[in-house]
Amino acid sequence: MNETHNAAETHENRLKRLKMRSMRRGIKEMDIILAAYADAKLPAMDGAGLTLYDALLSENDQDLYQWVTGQVSAPDRFAKLVENIAVHAGAR
């Protein structure tokens, strides 16, 4: 699914979908990091935050891992979100 979620998708279903996508990555480390973050933080996010998180999940796992661990700077649009994920994971 692209960044614009289905208007018919309920908030509850959107959260479930994003949590599932967080757990089913390609790299086990990202599964663990994103699943924990999703469980803890997604319920409190507004629509714009969820849309940004949805877009982040479309990025390559290798890139995400490097961004979260601070090996490479995240693109500006994701920088704050990646920083929050990294702090939550204890990576920073």
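Look up a bit, the structure's there.
Here we summarise the structure given alongside this text. (Residues numbered from 1 in each chain as written. Predicted model: local features only at pLDDT ≥ 70, side-chain atom pairs only at ≥ 80, totals over all residues. Heavy atoms only, no water.)

## Quick notes on the pattern of salt bridges
To keep it simple, the criterion reads: By salt bridge we mean one thing: a side-chain nitrogen of Lys or Arg within 4 Å of a carboxyl oxygen of Asp or Glu. Partly exposed residues are those whose accessible area sits between 20% and 50% of the maximum for their type, while under 20% is buried and over 50% is exposed, using a 1.4 Å probe and protein chains only. Helix numbering and strand numbering both begin at the N terminus, where a helix is a DSSP run of H or I of at least 4 residues and a strand a DSSP run of E of at least 2.
Applying the stated criterion across every chain, the model contains five salt bridges. For Glu 9, the salt bridge identified is with Arg 17, shortest N-O distance 2.8 Å. Assessed through its relative accessible area of 16%, Glu 9 is described here as buried. Taking the shortest distance from any N to any O, the salt bridge between Arg 17 and Asp 54 comes out at 3.2 Å. One end of the pair, Arg 17, is in helix α1 (residues 11-23); the other, Asp 54, is in helix α3 (residues 47-57), and 37 residues separate them in sequence. Note on accessibility: Arg 17 and Asp 54 belong to one class, buried.

## Thoughts on the packing of helix α2 (residues 28-41) against helix α4 (residues 61-68)
Stated formally: Convention adopted: a line fitted to C-alpha atoms gives each axis, helices being fitted over their contacting stretch, and angles between N-to-C directions are expressed from 0 to 180 degrees. Small angles under 35 degrees read as roughly parallel and large ones over 145 as roughly antiparallel, with 65 to 115 read as roughly perpendicular and the rest as oblique. Handedness of a crossing follows from how the near helix is turned relative to the far one, being left-handed for an anticlockwise turn of less than a right angle and right-handed for a clockwise one. Between two residues, a contact is recorded if the distance between any of their heavy atoms is within 4.5 Å. For this scheme, ten residues count as nonpolar: Ala, Val, Leu, Ile, Met, Phe, Trp, Tyr, Cys and Pro. Four count as charged, namely Asp, Glu, Lys and Arg, and the remainder, Gly too, count as polar.
With their axes 10 Å apart at the nearest point, α2 and α4 run at an angle of 60° to one another. Comparing their axes, α4 and α2 come out oblique. Of the two elements, α2 crosses α4, and the hand of that crossing is left-handed. Facing α2, whose interface residues are Glu 29, Met 30, Ile 33 and Leu 34, α4 presents Asp 61, Leu 64, Tyr 65 and Val 68. A breakdown of the residues in the contact of α2 with α4 according to their chemical character gives six nonpolar, no polar and two charged.

## Some points on the packing of α1 against α3
It is the contact of α1 with α3, at a shortest axis distance of 11 Å, that shows an interaxial angle of 30°. Classed by the angle they form, the pair α1 and α3 counts as roughly parallel. Between α1 and α3 lies a crossing whose hand is left-handed. Together, His 11, Arg 14, Leu 15, Arg 17, Leu 18, Arg 21 and Ser 22 of α1 and Gly 47, Leu 50, Thr 51, Tyr 53, Asp 54 and Leu 57 of α3 make up the contact between the two elements. Looking at the contact of α1 with α3, its residues break down into five nonpolar, four polar and four charged.

## Digging into the nonpolar core
A general trend in soluble globular proteins is that nonpolar side chains are found buried together. Note the following rule: In these notes, a set of buried Ala, Val, Leu, Ile, Met, Phe, Trp, Tyr and Cys residues joined through side-chain atoms within 4.5 Å is what counts as a nonpolar core.
Formed by 24 residues in total, the largest nonpolar core has its most connected members in Leu 42, Tyr 53, Leu 56 and Ile 85. Residue assignment for this core shows that the elements contributing at least two residues are α1, α2, α3, α4 and α5 (79-89). Setting aside residues no more than four positions away along its own chain, Leu 56 makes contact with Leu 64, Trp 67, Phe 78, Leu 81, Val 82 and Ile 85.

## Comments concerning α4
As a reminder of what qualifies: Note that the arc is computed from the directions linking the helix axis to the C-beta atoms. N or O atoms closer than or at 3.5 Å make up a polar contact, with two conditions inside protein: a donor-capable atom paired with an acceptor-capable one, and, for residues adjacent in sequence, both atoms drawn from side chains.
Residues of α4 that are buried: Asp 61, Leu 64, Trp 67 and Val 68. Taken end-on, α4 shows its buried residues confined to a sector of 125°, consistent with a single buried face. Of the surrounding elements, those touching the buried residues of α4 are α2, α3 and α5. The backbone nitrogen of Gln 62 has a side-chain oxygen 2.6 Å away, supplied by the residue at the start of α4, namely Asn 60. Positive phi shows up at Gly 70, right after α4, with a value of about 80°.

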